[in-house]
Amino acid sequence: MTGERAPHAPWRRPTWSTARKDCVGTALGNSRLWFTTGSGIITEIFYPHVDIPQIRDLGFIIADGQGLWQELKMSPAPTIEWPDPRVPAPTIRHHHEHFEFCFRVVVDPIRDALLIDYALQGNMHLRPYLLCAPRLGADAANNRAFVGHWAGRAVLWAEQGPFGLAITCKDGAGRPALGPCSVGEVGISDLWQDFHAHGQMTWRYAEAGPGEVALGGCLPRTGTIAVGLASCKEAAATIAWSALSEGFERAARDYASGWQDWHSRHEPKDQGAHGLPEPLNALYTRSATVIKVHEDRGFPGAIVASLAVPWGEASDTIGGYHLVWSRDLVESAGALLALGAMREVRTILTYLMATQQDDGHWLQNQWLGGLPFWRGVQLDETGFPVLLAAALKARGALHDIAVEDMVVRALRFLVREGPVTTQDRWEEDAGINAFTLAVVIAALVEGAAFLSGKTRDCALMFADYWNTRIEDWTYVEDTALARQYQVPGYYIRAAPADILNRKNADGDLLPIKNRNDDLQLAAASQIATDFLQLVRFGLRDPHDPRIVATIVLADALLKTTTPAGPVWHRYNGDGYGEHADGSPFNGAGIGRGWPLLTGERGHYAIAAGEDPLPYLMAMAGMTGRGGLLPEQVWDSDPLPAAGLSAGAPSGSAMPLAWAHAEFIKLCHSHRSGHPVDRPTETWRRYAGQRPRLTFRLWQWGDRPREILAGEELRVALDRDFVIHWGLDGWHGIRDTPAEDWGLRWVASLPSDLFKNAHTLNFTLYCHDQGWVGTDFSLSIIGGGHDRD
């Protein structure tokens, strides 16, 4: 079969590699290449941007040519060594009864090349074989693979469109050492299929594709592999051999030096990680590395949520978590802010400013260049960038970045759309959510500090009014759930939008996504951990009886105690996680515990004067083999066959940058005695207390039916208008024009104009549309004879 074209495979939808990564890495230099490891192999290589995986996996088979063979990713768990937590350069050791195989991985800091230095020890009849599945252009259907030579050296090639890949090898003496090679199509003619059918390498296909292709070749027992990426396969070969010529040790030294220098420039000014137990110090440093790894080179400031695809081995999604969410991005920026990496944080802010939409909001998520992936709207994702600008300003680190236009557009969007969000932070349900509302209120207060005059007053008016209404919308009392757990009431996961105009709307069903059983629960029967943000951002006191009562219920319904420590689910009934048998999430499943929620609970502990150390230790205990934090941990009985054990990473995304950011912030909050990301102006304004107001706000979407005598009525619309009003059946009709308050047009009726009436009647005339065609009324509580 030497020199033949590999048999063509029928098209099938490809999946991605394992979601659980042991290490993620990149060089802090000119290289535009990232890698991940998992299951003891290279799981993905990204180029030229961190959202484009060009290789599905790169692994090894160890074989004797006589029928004994072992694919390393199917062997028992390897040991993962990360000698310096500052440097993402893993050493991976596979132990087998017949051999030991060890390899180290770095990115060449000056080239788009990955270098793998390896050694096989043991049975002298054994040889290592390379297996690589390219996905150039993120297009598995049209890759082509070749066995060839370049400049007299053997090379494995792949190409698709403007992307080229080359793999070559040298031995310890520096000589070209790539042995017999073969390429094929995955599932029919690749090297794994050859071993599976024959127990040894028998095929020598020279060309394969277009399709989902794989590269394979025989290697010397010790050597160095280079994977080069470029705009064509020949250029990639030049890059690969150039990297090999300088050698692995030179690249490793420069690679480590770049990371060590970065960390030395960002030692925490407040020594936030010092004085902690060693596992926490190591995870603190590693977390900073993980966040920095997830930043793109071509789009500085763009940090993707994860280099993993949740349940990637069962997923064919293109995006995975290789995307930018403004929420996750600002959470990561908050950790960098705590580290003192002000330049990186400013770069993140300017990236956010460049990707803000015309109407002021940010996309649900996006590719690095700003193109949309999913198109939902989450109000917290519009609030977070404002909070980031304010945090830089509070530290005197905003420099000359002009943010006023960004702030005004963001706040205008928030007051137009709020307090109802189309999606909560978990990207599921519309309604009024405590976490989202806390972020939005804080953004209005922090954003107001950049503004002046009526525009500032408008932002603070909405913030204060929505703050006073939090309990009206999201807190329930004397429900069956409250009686069952003997609490007076609790904050619910989310209230349906109709709660603005119908007090009993919390009895309506609130959809629970990601389930097969069509679970039906009223909003008042669903609880989440989102209410903790009210305390973290200074809107409510940690000892407020309503907060404390909800803690009791959240612990009863959402908390799981694992061998690593406590962990919380997002909400009761959650379906985003593996099935009971450990099979991957496939659009439905059972929600699992999230380590980042353990971090959020640790922040509540700090605000309440409790010790956060148990929560930090729990998070550290939930890391994987390589010390990375996952999105979720398994919190049921162990399932060894599925690789699932209680308190250990599930098949969800690992690492999750947001989780690592939460850990860093909790370390610093532990030191400071308060949440380090608590917005400064918000705390100064509320200090955990609900404000007392003397006005009632009326909008199209939020139309109160009553007003207290002594309260001013403020009508706020998005256009110029006149309020045409009278009392007790339209007596004493008057017109009051609106004023431009920057974010809204506002008309105010002082309380002394109607303090002796029972009813306020009004309608509206909009200058661009005319009469609205509807009459409205408010009952005046305590007005007229009601006061007698």
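As shown above, the structure is provided for reference.
If you're wondering where the values come from, they're calculated on a predicted model, not measured in any experiment. (Residues numbered from 1 in each chain as written. Predicted model: local features only at pLDDT ≥ 70, side-chain atom pairs only at ≥ 80, totals over all residues. Heavy atoms only, no water.)

(A) Layout of the overall build of the protein chain. Counting its regular elements, the protein chain contains 17 helices and 31 strands. In terms of its C-alpha atoms, the protein chain occupies a principal-axis envelope of roughly 105 × 55 × 50 Å. Considering only intrachain contacts with a sequence separation of at least 6, the fraction spanning at least 24 residues in the protein chain is 69%. In the structure as shown, the protein chain presents an accessible area of about 27,800 Å², 50% of it carried by carbon and sulfur atoms. Considering the protein chain, the positive charge centre built from 71 side chains and the negative charge centre built from 92 side chains are found 3 Å apart. (Helix = DSSP H or I, 4+ residues; strand = E, 2+ residues; numbered from the N terminus. Contact = heavy atoms within 4.5 Å. Areas by Shrake-Rupley, 256 points an atom, 1.4 Å probe, with all protein chains shown as cover. Lys, Arg positive; Asp, Glu negative; His and termini not counted. Charge placed at Lys NZ, Arg CZ, Asp CG, Glu CD.)

(B) Fine view of the environment of V722. Mapped onto the elements, V722 comes out in strand 25 (residues 721–727). Counting along the chain gives 45 residues from V722 to H767, while the straight-line C-alpha distance between them is 7.9 Å. Residues in contact with V722, not counting those within four places in the same chain, are D735, T736, P737, T763, L764, Y765 and H767.

(C) View of the sheet that holds strand 15 (residues 207–211). Strand order in the open sheet made by the nine strands is 6-7-8-9-17-13-12-11-15, with antiparallel pairing throughout. Edge positions in the open sheet fall to strand 6 (79–81) and strand 15, since each of these has one partner strand only. Looking at each pair of strands side by side, their axes are set apart by 20° on average, direction ignored. Bridge count between strand 11 (residues 143–150) and strand 12 (residues 153–160): seven bridges; the pairing is antiparallel. The partner of F146 across the bridge, within strand 12, is W157. (Pairing = 2+ DSSP bridges. Axes fitted to C-alpha atoms, helices over the stretch in contact; angles between N-to-C directions.)

(D) Broad picture of the packing of helix 5 (residues 326–339) against helix 16 (residues 657–672). Remark: helix 5 packs on helix 16, axes separated minimally by 8 Å, with the N-to-C direction vectors making an angle of 35°. Where helix 5 crosses over helix 16, the handedness of that crossing is left-handed. Of the residues in helix 16, those in contact with R327, D328, E331, S332, G334, A335, A338 and L339 of helix 5 are A657, W658, A661, I664, K665 and H668. Looking at the contact of helix 5 with helix 16 residue by residue, the class counts come to seven nonpolar, three polar and four charged. (Left-handed = near helix turned anticlockwise from the far one by under 90°. Nonpolar A, V, L, I, M, F, W, Y, C, P; charged D, E, K, R; others polar.)

(E) Examining the nonpolar core more closely. F60, L114 and I167 are the most contacted members of the largest nonpolar core, which has 218 residues in total. Here I167 is in contact with L58, L130, C132, V155, L156, L178, L215, I225, A226 and V227, once residues within four sequence places are set aside. Listed in part, the 21 residues of the second largest apolar core include W698, W725, L760 and L778. (Core = buried A, V, L, I, M, F, W, Y, C linked by side-chain atoms within 4.5 Å. Buried < 20%, exposed > 50% of the residue type's maximum accessible area, 1.4 Å probe, protein only.)

(F) Local environment of the packing of aromatic side chains. Inspection of every chain in the model, using the stated rule, returns 33 aromatic pairs. Ring geometry for Y129 and F195: centres 5.1 Å apart, planes at 75°, overall edge-to-face. Here Y129 is found in strand 10 (residues 127–134), whereas its partner F195 is found in helix 1 (residues 191–198), with 66 residues between them in sequence. Classification of Y129 as buried rests on a relative accessible area of 9%. Overall, F195 belongs to the buried group, its relative accessible area being 1%. Ring centres of F462 and W466 lie 5.4 Å apart, and the angle between their planes is 70°; on these two criteria the pair is classed as edge-to-face. With F462 and W466 both in helix 10 (residues 453–474) and four residues apart, this pair spans about one turn of that helix. Residue class for F462 comes out buried when judged on its relative accessible area of 0%. Cluster of aromatic residues (ring-pair linked, three or more members): W311, W426, Y576, F585, W594 and W658. The ring centre of F450 lies 4.6 Å from the NZ or CZ of K393, which sits over that ring. Over the aromatic face of F435 sits the side chain of R425, whose NZ or CZ is 4.0 Å from the ring centroid. (Phe/Tyr/Trp six-rings, centres within 6.5 Å; stacked < 30°, edge-to-face > 60°. Lys NZ or Arg CZ within 6 Å of the ring centre and 35° of its normal.)

(G) Structural view of the side chain of E331. Topologically, E331 is positioned in helix 5. Excluding its chain neighbours within four sequence positions, the residues that come into contact with E331 are F384, F435, W658, A661, K665 and D677.

(H) Focus on the environment of L276. Within the element layout of this structure, L276 appears in the loop between helix 3 (248–265) and helix 4 (278–293). Separated by 44 residues in sequence, L276 and G320 place their C-alpha atoms 34 Å apart. Once residues within four sequence positions are removed from consideration, L276 is found in contact with N281, L613, C667 and H670.

(I) View of the packing of helix 8 (residues 404–417) against helix 9 (residues 434–448). Interaxial distance between helix 8 and helix 9 falls to 10 Å at its minimum, and their mutual angle equals 145°. Where helix 8 crosses over helix 9, the handedness of that crossing is left-handed. Contacts from V407, L411, L414 and V415 in helix 8 reach V440, A443, L444, G447 and A448 in helix 9. The residue makeup of the contact of helix 8 with helix 9, split by class, is eight nonpolar, one polar and no charged.

(J) Layout of the pairing of strand 8 (residues 99–107). Counting buried positions over the nine residues of strand 8 gives seven, a clear majority of the element. Summarising the sheet, strand 7 (residues 91–95) and strand 8 pair through five bridges and their orientation is antiparallel. Looking at the pairing, I92 lines up with F103 of strand 8. Following strand 7, the chain reverses through three residues before pairing antiparallel with strand 8. Summarising the sheet, strand 8 and strand 9 (residues 113–122) pair through nine bridges and their orientation is antiparallel. Residue pairing for strand 9: R104 is matched across the bridge by D117. Linking two consecutive strands that pair antiparallel, namely strand 8 and strand 9, is a turn of five residues.

(K) Looking closely at helix 3. Under the 1.5 Å per step criterion, the end-to-end length of helix 3 is 26 Å for 18 residues, consistent within 8% with the ideal 26 Å. Along helix 3, the residues classified as buried are F248, R250, A251, A252, Y255, A256, G258, W259, W262 and H263. (Expected span 1.5 Å × (residues − 1).)

(L) A look at the pattern of salt bridges. According to the stated counting rule, one finds 57 salt bridges in the structure shown. The salt bridge involving R592 is made with D635; its shortest N-O contact spans 3.6 Å. In this pair, R592 sits in the loop between strand 21 (565–568) and helix 14 (595–607) while D635 sits in the loop between helix 15 (613–621) and helix 16, placing the two residues 43 residues apart along the sequence. Of the residues examined, D635 reaches a relative accessible area of 12% and is grouped as buried. A cluster of three or more residues bridged by salt bridges with shared partners is formed by D424, E428, D429, R493, R570 and D574. (Salt bridge = Lys/Arg side-chain N within 4 Å of Asp/Glu carboxyl O.)

(M) Inspection of the sheet that holds strand 28 (residues 745–749) at higher detail. The strand order 22-24-28-27 describes an open sheet built from four strands, whose pairing is mixed. The sheet is open, and its two borders are formed by strand 22 (695–698) and strand 27 (739–740), each paired with just one other strand. Alignment of strand 27 against strand 28, held across two bridges, turns out to be antiparallel. Bridge pairing links E739 to V746 in strand 28. Sitting on the sheet, helix 10 is in contact with strand 22, strand 24 (712–717), strand 27 and strand 28, with an inclination near 95° to strand 22.

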